Structures are given as C-alpha cells and as structure tokens.
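Listed below are the residues making up each chain.
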Amino acid sequence: MTQHHGDAILRPMRSSTLIALLLALGTTLACPGFVGATDLQTSIQRVEARALPALVNIQPVTESYTRGERRKHASVGSGFLIDPEGHIVTNYHVAGKASQLMVTLSNKERIEAELVGGDPLTDLAVIRIPKEAVTDYGLTPLQFGNSAQLRAGAFVLALGSPLDLARTLTFGIVSNTERYLREGMTLPTGERTGEFNTWIQTDAAINPGNSGGPLVNLDGQVVGVNARGAVLADNIGFAIPATTARQVVADLIATGEVTRSYIGVRFQPLRDWEELFGMEEPRGVLISSVEQGAPGETAGLQAGDILLSYGGSPLLVRFEEELPSLYQRISETKVGSSVALRVLRRGQSEELDLEVSTVSTGKLSGERFEAEAWGFTVKEITDQMVFDLDLVSGDGVLVEGVLTGGPAHRGRLGRGVVIESLAGEVVTDLESFKSRYEELKGTKPGAVLLQVRAYESLRYVLLQMTSDSAPTGELP
Amino acid sequence: MRYPRKVRSGLGDVLRMAQWLVALTSLIVCVAPPANAGPPGRRLSAPAFYDQAAPTIATVEFVQEFVSGGQRQQTRSWVDGVVISDDGLVLISGRVRFPQRSKGRLAGGSLPQLVSFSLHFADGREHQAEVVAFDDDLNLGVLRITDAEAGQTFPHVRFRDSFKGEIGAGLRTMTLYTESYGRTPVLGAATITAKLKTLDNVWSLSGVSTNLLGAPLWDERGAVVGVVAQVPMSPWAGRQLMPDLSGTIGLPHGHFADFLAACRQEDSRAPTKGSEPTVDKGEAGWLGVMFEPLGRKLAEHLGISPGGGVVLSRVVPGSPAEAAGLQALDILVEMDGDRIDVESESDSAPFAQKIRTYSPGQVVRFVRERASGQRSEVAVTLTQAPTSELHAERREDEAFELTVRELTLDTRLAHRLEPGATGVVVDGVTRAGWSGLAGLKRGMIIQRINKLEVTDLDSFTDAMSRVQQTTPAKVLFFVRFGKTTRFHVAEPDWTEGQDGNGG
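This one's a predicted model, so the numbers in the text were calculated from it and none came from an experiment. (Residues numbered from 1 in each chain as written. Chains lettered and ligands numbered in written order. Predicted model: local features only at pLDDT ≥ 70, side-chain atom pairs only at ≥ 80, totals over all residues. Heavy atoms only, no water.)

**Things to note about the overall build of chain B**
Which entries qualify depends on this criterion: Helix and strand definitions follow DSSP, with helices as H or I runs of at least four residues and strands as E runs of at least two, each counted in order from the N terminus. To sort residues, take the accessible area from a 1.4 Å probe on protein chains only and compare it with the maximum for the residue type: under 20% means buried, over 50% means exposed, and anything in between is partly exposed. Every accessible area reported is derived by Shrake-Rupley at a probe size of 1.4 Å, with residue values counting cover from the shown protein chains alone.
What chain B contains, in helices and strands, is ten helices and 27 strands. In chain B, which comprises 503 residues, the share counted as buried stands at 51%. Surface accessibility of chain B: about 22900 Å² in total, with carbon and sulfur atoms responsible for 51%.

**Re the overall build of chain A**
Secondary structure assignment for chain A yields ten helices and 29 strands. Out of the 476 residues in chain A, the part that is buried amounts to 52%. Counting every atom, chain A has about 22500 Å² of accessible surface; 49% of that belongs to carbon and sulfur.

**Here's the deal with the interface of chain B and chain A**
Selection criterion: Residue contacts follow a heavy-atom distance rule, with two residues in contact if any of their heavy atoms lie within 4.5 Å. Any carboxyl oxygen of Asp or Glu within 4 Å of a side-chain nitrogen of Lys or Arg constitutes a salt bridge here. As used in this structure description, the phrase polar contact means that two N or O atoms lie within 3.5 Å; if the pair is within protein, one of them must be able to donate a hydrogen and the other to accept it, and residues adjacent in sequence are counted only when both atoms belong to side chains. Gly counts as polar in this scheme, as do all residues outside two lists: the nonpolar Ala, Val, Leu, Ile, Met, Phe, Trp, Tyr, Cys and Pro, and the charged Asp, Glu, Lys and Arg.
With 31 residues of chain B in contact, the opposing surface of chain A contributes 29 residues. Seen at the junction of chain B and chain A, the total is five salt bridges. With its nearest N and O atoms 3.5 Å apart, the salt bridge here joins aspartate 390 of chain A to lysine 483 of chain B. Summed over the shared surface of chain B and chain A, the number is eight residue pairs in polar contact (both at pLDDT 80 or more). At the level of elements, strand S14 (289-293), helix H5 (296-302), strand S15 (310-315), strand S26 (475-481) and strand S27 (484-490) of chain B are the ones that each hand at least two residues to the side of chain B that touches chain A. The dominant element in the side of chain B that touches chain A, judged by the number of residues it contributes, is S27 of chain B, at five residues. Across the side of chain B that touches chain A, the residue classes break down as 13 nonpolar, five polar and 13 charged.

**Quick notes on empty space enclosed by the protein**
Residues and elements named next belong to chain A. Spelled out, the test is: Here a cavity means grid points, on a 1 Å grid over the protein atoms only, where a 1.4 Å probe fits yet cannot get out; a pocket means an open set of points with protein on both sides within 12 Å along at least five of seven lines; lining residues are those with an atom within 4 Å of a point. Grid points are joined across faces, edges and corners, and a volume is the space filled by probe spheres set on the points.
One pass over the full model with this rule turns up two cavities of 30 Å³ or more. Computed from the structure, the second largest cavity encloses a volume of approximately 40 Å³. Among the elements that line the lining of the second largest cavity, the one with the most residues is strand S2 (residues 55-64), at three residues. Looking at the lining of the second largest cavity residue by residue, the classes come out as four nonpolar, four polar and one charged.

**Quick notes on the nonpolar core**
Formally: Nonpolar cores were defined as sets of buried Ala, Val, Leu, Ile, Met, Phe, Trp, Tyr and Cys residues, with membership established by side-chain atoms within 4.5 Å.
Ranked by size, the top nonpolar core spans 52 residues in total, and within it Ile58, Phe80, Val89, Val103, Ile127, Ile129 and Phe144 of chain A carry the most contacts. In terms of residue count, helix H5 (residues 242-255) of chain A provides more of this core than any other element does, five residues in total. Ranked by size, the runner-up nonpolar core spans 30 residues in total, among them Leu138, Val157, Leu196 and Ile249 of chain B.

**Considerations on H5 of chain A**
Residue and element names in this part refer to chain A. Inclusion rule: To estimate how far a helix should reach, multiply one less than its number of residues by 1.5 Å. Directions from the helix axis toward the C-beta atoms define the arc.
An ideal rise of 1.5 Å per residue puts 20 Å on 14 residues; H5 measures up with 20 Å between its terminal C-alpha atoms. Taken together, the buried positions of H5 are Ala242, Thr244, Ala245, Val248, Val249 and Leu252. The buried residues of H5 all sit within an arc of 140° when viewed along its axis, so they share a single face. Opposite the buried face of H5, by more than 90 degrees, sit the exposed residues Ala254 and Thr255. For H5, the secondary structure elements touched by its buried residues are strand S5 (87-90), strand S7 (110-119), strand S8 (124-128), strand S13 (222-231) and strand S14 (237-241). Looking one or two residues beyond H5, the residue adopting positive phi is glycine 256, at roughly 80°.

**A closer look at the side chain of serine 106 of chain A**
Residue and element names in this part refer to chain A. Considering the arrangement of structural elements, one finds serine 106 in the loop between strand S6 (98-104) and S7. Note on serine 106: relative accessible area 17%, which makes it buried. Reaching out from serine 106, the side chain makes a polar contact with the backbone oxygen of proline 53 at a distance of 2.9 Å. Ignoring sequence-local partners within four residues, the contact set of serine 106 consists of Leu52, Pro53, Leu55, Leu139 and Arg167.

**A few points about the pairing of strand S4 (residues 113-121) of chain B**
What counts here: Strands were regarded as paired on the criterion that DSSP finds at least two bridges between them.
As judged from the four bridges shared by S4 of chain B and strand S5 (residues 126-135) of chain B, these two strands associate in the antiparallel manner. Within the sheet, the bridge partner assigned to histidine 120 of chain B lies in S5 of chain B and is glutamate 126 of chain B.

**As for the packing of aromatic side chains**
Definition in use: We call Phe, Tyr and Trp rings a pair once their centres come within 6.5 Å, taking the six-membered ring for Trp, and we label the pair stacked below 30 degrees between planes, edge-to-face above 60, and tilted otherwise.
Under the defined criterion, the tally for this structure stands at 22 aromatic pairs over all chains. Ring geometry for phenylalanine 277 of chain A versus phenylalanine 487 of chain B: centroids 5.3 Å apart, planes at 85°, classification edge-to-face. Placement of the pair is phenylalanine 277 of chain A in the loop between strand S16 (265-268) and strand S17 (285-290) and phenylalanine 487 of chain B in strand S27, with the two residues belonging to separate chains. Owing to a relative accessible area of 5%, phenylalanine 277 of chain A belongs among the buried residues under this scheme. Ring centres 6.2 Å apart and planes at 75° place the aromatic pair phenylalanine 369 of chain A and phenylalanine 433 of chain A in the edge-to-face group. Taken as a pair, phenylalanine 369 of chain A in strand S23 (residues 368-371) and phenylalanine 433 of chain A in helix H10 (residues 430-440) lie far apart in primary sequence, 64 residues in all.

**Observations regarding the pairing of strand S10 (residues 168-179) of chain A**
Where strand S9 (residues 155-160) of chain A and S10 of chain A come together, six bridges link them in antiparallel fashion. Following the sheet pairing, alanine 158 of chain A is matched in S10 of chain A by threonine 170 of chain A.

**Some points on the environment of alanine 324 of chain B**
Residue and element names in this part refer to chain B. Relative to the helices and strands, alanine 324 resides in the loop between helix H6 (320-323) and strand S16 (331-335). You can call alanine 324 partly exposed: its relative accessible area is 27%. Sequence spacing of alanine 324 and alanine 379 is 55 residues, and the spatial spacing of their C-alpha atoms is 6.7 Å. Setting aside residues up to four positions removed in sequence, alanine 324 forms contacts with Val378, Ala379 and Val380.

**Digging into helix H2 (residues 38-51) of chain A**
Residues and elements named next belong to chain A. Over its 14 residues, H2 extends 20 Å from the first C-alpha to the last, a length consistent with the 20 Å expected when each residue adds 1.5 Å. By the burial criterion, the buried members of H2 are Leu40, Ser43, Ile44, Val47 and Ala51. Here the buried residues of H2 occupy an arc of 95° about the axis, which is enough to place them on one side. Counted as exposed and oriented over 90 degrees from the buried face of H2: Thr38, Arg46 and Ala49. Packing partners of the buried residues in H2 comprise S2, S9, S10 and strand S12 (214-216).

**Thoughts on the environment of threonine 430 of chain B**
Residue and element names in this part refer to chain B. In this fold, threonine 430 is placed in the loop between strand S23 (424-429) and helix H9 (434-437). Under the relative-accessibility criterion, threonine 430 is labelled buried at 14%. Along the chain, threonine 430 and arginine 442 lie twelve residues apart, while their C-alpha atoms are 9.9 Å from each other.

**Observations regarding the confidence of the model for chain A**
For clarity, the threshold we go by: The pLDDT value tells you how sure the predictor is about a given residue, anywhere from 0 up to 100.
With 90% of its residues at a pLDDT of 70 or more, chain A has an overall mean of 88. Here residues 469-476 of chain A scores under 50 on pLDDT; set against residues more than four positions off or in separate chains, the count is four contacts.

**Remarks on the pattern of salt bridges**
A side chain with one charge can pair with a side chain of the opposite charge if their charged atoms come near. A complete count under the given rule lists 46 salt bridges over all chains for this structure. Across the pair arginine 192 of chain A and glutamate 195 of chain A runs a salt bridge whose closest N-O atoms are separated by 2.6 Å. Since its relative accessible area comes to 23%, arginine 192 of chain A is described here as partly exposed. Notably, a salt bridge pairs lysine 354 of chain B with aspartate 338 of chain B, separated by 3.5 Å at the nearest N-O pair.

**Brief notes about the environment of glutamate 406 of chain B**
All names here are of chain B. Counting through the fold element by element, glutamate 406 comes out in strand S22 (residues 402-406). Every residue in contact with glutamate 406, bar those within four places of it in the chain, is listed here: Thr387, Ala392, Glu393, Val425 and Leu457. A distance of 2.8 Å separates a polar atom in the side chain of glutamate 406 from the backbone nitrogen of glutamate 393.

Structure representation (structure tokens):
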C-alpha cells in the first residue's frame, strides 16, 4: 500500500480578503488565570511594551500585468520601524511592487509611506515614513538581535496583522533554527526566492497578514522577519533570520538594491558520497551543474568537480541546510573580483587551482509596460530572466499577459513569448518597444505586424485594430 | 472496459436505438437516391440488414503489455472489428496500438506491445487473430484470423465506392453488447451532418459514440461505404485526423480502399504466422518543419500571393528542410506545382499528410515567398523520418526497476538539448524501487553511471551489467534535466532477491 502523506503548502503570509468570513467563524475563548509563571508574564509584557510601538500595518496597492492590462490589487501586510529615520522593514511580497503604500501605526494613525527598495531573493523590502512622524508620535524603533545565537526552544513573539487584525501578538518557541525549504520558493510576485537563507521555524501562530512583521525574543530584539506559513498544517511558520535581514536592509537603505556576485554554478551536498568522488574523507562541496557561458564555465569548472575551497577558505557542505550560506558567501564576493578556487576532479589525484571572475546577478525581473491599445502587457528582459526562463537571448520584450478579447488575443499572441520585431523594426529592449508603440498606437483602423519567438520557434502575429477596439465610454 | 456505458444503461440504449430506427426510416424516405448511384441495389429493410450484418462483426479482445513505473503490466481491452474477406481478414481501429485506460496507470509514454487478439462473434464463434498491418494516418488496422480450419469461410461485408454521402443521408452502424449481455448485436444509425471540404470530402456524423471508432458505416443497401474515423475522446485514441475539430468523422471507403487492397496482397503473400506487421507501402518522407496556416489577413498584410500557404515556425536542425535552406518565417505557397491551399488550422492536416505520401529520397519542390517580397523555388530531398519518442527502443533494468529509452530527436527538441548531447531517457521508474528512491524521475536523461559514460542504450546496458557484477553499495547516476544536471545515488540492497520468496 502506498502511504499518502498530506503535503503542507508553504505560502507567503500576505492577507487579501476572506477576512470577514474567517472572523465570523471565530469563537470567544475564556482565558483562565495564569499563576506560577509571573517571570514569563512579565517578560512578555515587557516585550509588548517595547515592540508594539514599532509595529505597522501596511496596506499596499500593488499592480499586476499578467492579464494583459494593468490591474490594481489591495492587500494587507505587516512591518516594523527600525530607525529614527522612519525606515520600516517588511517583505518584498508585501511592498516590493507596490504602487501606493499606506501604513497604520501602532497609535492607529494612518500615513503614507514610500518604497525605498526591495530584494526578492530574500523576500525583504524597506519602506519609509517621514521621520517627523517617528518623533511626533514618539515611535520607538526595534533593533535586530543575533539570530545566529538563537536556539530551538527559545521563547518568541510574532507581531503583525493576521487577517488584517492589526496589533496582534502571538507567542511560541523557536521550533528549528536552520530549516531548509525546497518547496514554495516562488513569490506571489513571480520571482524565485530563498536561495540565500535557511529559515527560523516557529510555532507562534503565523497567518496571512503576518508577512513582514517581526519575530522578537524576550529581550525585545528582532530575531526574524515573519514571511510564510504552512497551509493545512498547525503552528508551522517561517521567518527570515535577522542576520540575513540586517545585511539586506542595510544595503537597501544605502543603495536601494542588493548587489550580488554570481558564478553560475549549482551545488549539491556531499552527504556520505565521498568514496564515489574519489575521497577518503568528506571534503568540499559537489558541483552539480554549471550554467553555459557563466563565469564558472569560463573558469573551467565541471559538473562532478568537488570544490574544496573558495577564496582560500576550505569548504565542507554535507547537508542541504548548509547550501544557502555557501550561495550567500559567493553572492557577497565583490562583483568583478577574481577568486581562487581549489578543485578535485573525478579521476585525477591532483588538485586543480582555478580562478573565477564573478559577475553581478543584476535585476531578477524587469520593468513592465501596458500596451493598452493592443491589449497586452510586456516586461523588460533581464539577464536573470534569460537564465530563469531559458530564453534564447536578452533581446526583445517578454509578453506578460494578454487581455481576453483584445487585438492581441484575436491575433493569437500568447503569454511568455518574446517580441522580436514590431512593424518591421527590431525591438531591442523595453525602451525601443515603448517608443515604437507610442508611434504606432494611433494606427486605427489598421494592422500592426509583430514577429514573436517562443524558444526556437518564430511566428508572425497580426494585430488588427478595429475602429471600435478602444471603448469610447459613450452609451449608444 | 470498452463498453461501460452500455452495461450500465442497456435499456436506455435500446430505447435510443428505437428512436434512431424511426429517424432512420424517415430519412430513407426523404432522401432522394444519388444521381449516379451506380448499379441499382436493393434497399435492405432494417431486420434484413440486421440479420445480414450481425455475423460479420465481432468483439476483438486485445491484450497489451507495457512498462509502467518500471514494471511490466498487461491490460485487456475490447474494440469492435468487422470481417472483410471470406478468408478472415478483420478491420479494426488503430487505437488498439495505443495505451488504453485501465485501473492501473497509463503506460509512461511507451507504446504498448500487442500480445494477443481474440475475436468473439455474436453466435458464439471464437477465433484467434494477428496483425496484418496498421496505417498511421487512417488509424486503421487489419487482422488475420489464424485458427481457421482448412476451407473455412467467414461471413463478411462488402464495400461500395459509388455512395455519394449527401448531407442528411442515413448510415447504419452495428456493435455488440458485452459478454454479460450475450454479445447481442446492436443496430444503430448515424446521419451525415456535413461534408467537410478538407481531407477530401470526409463526413461529419451524428449518432456515433466513442466505442464505434473504426466501426463500419453501412448504407441502406447493406454495403459498407466508410468507417468511423474520429470520435472525440481521450488523446490516446491515436493520431487525430483534424486536431481542431472535435466532432465525429466518417471516412469514405475511397480513403482506405488502397490500404485494404495492400493488406489483402500482404495476406496472400504471407499467409502464415509471423509475417511483419506492416504494409509495404514505403516509409513516409520527412521534411522536418513546424508550421502554421498563413491565414488570409496575414497574407494580405505581407503581400503574399493569394490562395493560401503555410508559415514555417521552426526548421528542425539536421532536417532536409534545413539542408535545403528553408528558414523559420518562410512562407510556402506551392508544392510540386500545386497551391498549398491552407487557410486555417483545420486545413493543415492534409498538407502534413501529403508530405507523408512522398518516400524518402524523393524531391519536393516548394515555392517560397518571404515578407520581403522575395519569391523563389526550393527543392527539398526528403529523408526517412527520425524515430519518435513513442517508437523509441526501450531497455529495462529489473533490479533497479528502471526503464530507459533511446534519446530521440523529439526528446532532444523538447529538452532543448544541444546537438552533441547524449544519454538515455528515463521512461519509467518505480517510486519505491532502487532508482526511484534515488530520486530518478521520468524524463531525466542519464549521462553517466558510476564512472561509465552513458551515450546510448548499449552503453547503458554495459554500465548496468557492470553494476550487477560488482554489486557496489552506492551507484552514482549523473542526469540531466533541461539544462541543469544533478547527481543521484542509489543504494541497492543486493541481498533483497536472495532471501525469502524463493526467486
């Protein structure tokens, strides 16, 4: 008999609607007197007094382009103040793509915030409120603690707005300090994430709306940023460790982005496979895949090589929990620098000395644009998209969505294809697409010819504008 | 089971049949005989037709063997067949070659092997049969009864070509109930609802259900004038004649008369068992392009001469089309002097079929137009089509509960492998088997096993037999999936087969 186990779904904890319904299901729970734990109660109360003033409820309006037009969505998330300048930390999937940000402070005042920067790869974002608000309302920022010293079993509180229930505190312990997640590594905004950190697992309740809120210890320090919970499971929530968050937040405040080095190499933990790779003792990390044309390939790395050291310091990665810190270490290398590598190659007893020149990861995802008159939306193609989507090149623009019933839909333009030329002129990037679109959008009635590519296949798409394709808003 | 619906609602079907009989009768009265109906035939009454047709049809029980999840399985299914000659040739649907739905899983992309055929007639006769030939395009097959006694003849149908098949014309069908209903012949009626201009005048039909795929269509005189060629059902039904059209298609006899003639010839040439199950109609030629219909509006916009054509979306690397200099976005408008009158998706199939009527080595001359206005002639020497995933050779490793297949061109294209990439493709794997526990999954391409490179099926077999000889505690598989590679380690329990269940 096959045994089925229910796969829990790991989901980012941003809240949308359904809240009223869920509230209706809530019942009153009487709370009996709690004696004999006054110390703990005092500590929690202290944390509440310390941390709650820094908590904010974030109401972002985000834009999506996947249906072929620009659409707005409202959601709810959490965040916390981290300095007197008014910087607030939250999740990328809450605020990273917001076109408008309103926040409700702990004193229930509602003010507007602006986006400072976001990093999808760690699912973190920084937004800012005027620093006058911090002083005027007497808000006290929170400090990051040291999550590296965190132990399983430590008491923690999660603060946030689960189901838009603002200023909610939940309490629990750290269940695991180095959880490695294989599933759910794509954000609701479409980017991949989670490559550079393990997760703090907690049984403090994390629900939709908790996203971006702080996980604090009994000293009132932030040890993690709550980001996801397991759906169809109880009391399994995950937070981004403070050590990761501290670095990323500093970068975002300083430059608005996180710059990472990239060598195009994937690793596998060595487990107990050392003999299969000609070693008596486990050393290094197994290179499982080398991306074509990436610095790793140029350096001469091959799948099956054991990378013994990176930049002079020896490596040992036997378990998958150790992978994120390795990727993190490579990403922290100064972009464009040369790094010495020591490699053990299958069938060769000599160790090889190689050198890799890192490149910048660049933007994970591109800018978006709505070609309203034609009924579709496009996206700039970044180097990372070429790799993630396995595109033939970085030229052209990617069709992100097609509006049902529009000229593009009638012309059978599909999502995910690349527009290579527009009315006979080559589209090199989003700017060239936009300027050509502005020239041509008035062509009505008439027809515009696109040349599109889906991997190695090419086709023509004819956009036929009818005189009534743009609604005038007049009633008959 | 092929006839579950009938078993469950047998009475309903009888009632429906009665309604159809009424409808049929009225149609026969209304429809004027075709203008040039050939030699005058006598209209058979329904009961007379029933008596005449019933002994010619049989339930064909066929057993398929395939590998699913790395294990060999058999399924038993049923289809209708009709005897077409007195020495026992039987026409069936080509769907028997494809995986049938069963309680277990469908075969993992592999084409099942046909193990046996047995025929069950309404009057209790039972016979064994074997394959004479299949035709891929028609999705029809012919069997030969193998256990006929010397001199035994079989009641069989006769065909008529002169039938015009006007819209509204009534046709008769017949199938058998399942064994539990005594294999009673069931009369049915179909109506020609449209004549499709494409595919050279095939019929759209109403009144035909899925289990009649491949079944004969009789006219009012009791002659077979066509077969049911396509019924909307699972994609496993085989090649779809017209992918865009989800209706039921009747194929007039003229379309498959040559195939039957070839089968008869094949049968007389090799009347004993063990002959090759293919008709010697020559290998189909291969061009190596993907295309879509040009469409009138696009043609006008690009200034292409009117009359239809196809736009090439892809020219397969290494194909004859590439060798001849065809490129993606080229527009083909003529083929050997004839206009390629493809205007829409539903016109595309005949173009593809026409190319398959050529043999490898034959030259096809296309007229190519381009958006730039350039017009030129391109001659392509067709080659033999490369083996497809479905027909790829497969190997099984019982100990690792793993089936692999050769790396075919279609898999290469699907995985976007560079031309030099080699390996074997994981075709089936048992999840709890040694290779399944190692994380091997269908579609992965094995490129190395331990230290041995795996480039093809033979090197796979060599590598696995080396593993068998040395019985290592860990076996390293280096696999590729898409453009990333990965290592998987199996930890076989070599003592597993030696104790316990006696071998």
